[in-house]
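# Close look at the chain arrangement
Given next are the chains, with one letter for each unit.
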Amino acid sequence: QVQPVESGGGLVQAGGSLRLSCAASGPTFSNYNIGWFRQAPGKEREFVSVISWTGSSTYYADSVKGRFTISRDNAKATVYLQMNSLRPEDTAVYYCAAGFGLQIASQYDYWGQGTQVTVSS
């Protein structure tokens with residue numbers, strides 16, 4: 001029903017900023033919560049942030065709270081993850097997912113292919 005596609009990853013220096021986008025095809029995008037997850041080499045996929053289908057509720061992992069901001073524009077079928085004050089430990093492949101869960105990856109039904117974010121020291 002929905003196919004998320006991430007974009008905006010790249011290489012930035014510590015302290016810099018990056019904005020990721022998650023675009024989805026189809027008219028049902030607004031019916032899903034959209035979550036961001038990340039996975040670093042040798043580590044499990046971890047929750048980053050989620051926004052409700054209405055856009056009225058957001059939640060952040062403690063590791064990114066105060067630095068990252070999630071938002072959505074249903075008219076454009078796009079969710080954004082604004083990442084500020086980036087740290088080397090933020091380096092990971094970032095995934096966008098659509099579903100009805102919160103911070104648990106298995107609760108999401110549709111996943112993008114991932115986009116690499118690398119933060120240099």
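Report follows, based on the coordinates. Because the structure is a prediction, the values reported are computed rather than measured.

Parameters and conventions
- Residues numbered from 1 in each chain as written.
- Predicted model: local features only at pLDDT ≥ 70, side-chain atom pairs only at ≥ 80, totals over all residues.
- Heavy atoms only, no water.
- Buried < 20%, exposed > 50% of the residue type's maximum accessible area, 1.4 Å probe, protein only.
- Helix = DSSP H or I, 4+ residues; strand = E, 2+ residues; numbered from the N terminus.
- Pairing = 2+ DSSP bridges.
- Phe/Tyr/Trp six-rings, centres within 6.5 Å; stacked < 30°, edge-to-face > 60°.
- Lys NZ or Arg CZ within 6 Å of the ring centre and 35° of its normal.
- Disulfide = S-S within 2.5 Å.

## A few points about the pairing of strand 8 (residues 78–83)
For strand 8, the buried fraction is high: 5 of the 6 residues fall into the buried class. For strand 3 (residues 18–24) and strand 8, the ladder comprises 6 bridges, and the chain directions are antiparallel. Along strand 8, the bridge assignment pairs Ser-21 with Tyr-80. Pairing analysis gives 6 bridges linking strand 7 (residues 68–73) to strand 8, with the strands arranged antiparallel. Its bridge partner being in strand 8, Thr-69 is matched across the sheet by Gln-82. Counted along the chain from strand 7 to the antiparallel partner strand 8, the turn is 4 residues long, and its residue Ala-77 has a positive phi close to 50°.

## Quick look at the packing of aromatic side chains
The description of two aromatic rings rests on the distance between their centres and on the angle between their planes. Tallying each qualifying case throughout the model produces 8 aromatic pairs. Measuring from centroid to centroid gives 5.2 Å for Phe-37 and Tyr-108, while their planes differ by 80°, and the two rings are edge-to-face. You can see Phe-37 sitting in strand 4 (residues 33–39) and its partner Tyr-108 sitting in strand 10 (residues 108–111), a full 71 residues away along the chain. Assessed through its relative accessible area of 1%, Phe-37 is described here as buried. On the numbers, 6.2 Å between centres and 70° between planes, the contact of Tyr-108 with Trp-111 is edge-to-face. Since its relative accessible area comes to 23%, Trp-111 is described here as partly exposed. For the cation-ring pair, Arg-45 lies above Tyr-95, with the distance from its terminal atom to the ring centre recorded as 3.9 Å. Lying over the aromatic face of Trp-111, Arg-45 brings its terminal NZ or CZ to 4.9 Å of the ring centre.

## Here's the deal with the state of the cysteines
Linking two cysteines covalently via their sulfur atoms produces the bond known as a disulfide. One pass over the structure, following the stated rule, counts 1 disulfide. The residue that forms a disulfide with Cys-22 is Cys-96, at a sulfur-sulfur distance of 1.8 Å. Of note, the bridge from Cys-22 to Cys-96 carries an S-S torsion of about -70° and is left-handed in sense. Taken together, the residues span a long stretch of sequence, with Cys-22 in strand 3 and Cys-96 in strand 9 (residues 92–99) at a distance of 74 residues. With respect to burial, Cys-22 and Cys-96 carry one shared label: buried.

## Here's the deal with unusual backbone geometry
Leaving glycine aside, a negative phi is the common case for residues, and trans is the common case for peptide bonds. Not every positive phi belongs to a glycine, and Ala-77 is a case in point at roughly 50°. Here the phi dihedral of Ser-85 falls at roughly 50°; this positive angle occurs in a residue that is not glycine. As for its position among the elements, Ser-85 is in the loop between strand 8 and strand 9. With a relative accessible area of 41%, Ser-85 lands in the partly exposed category.

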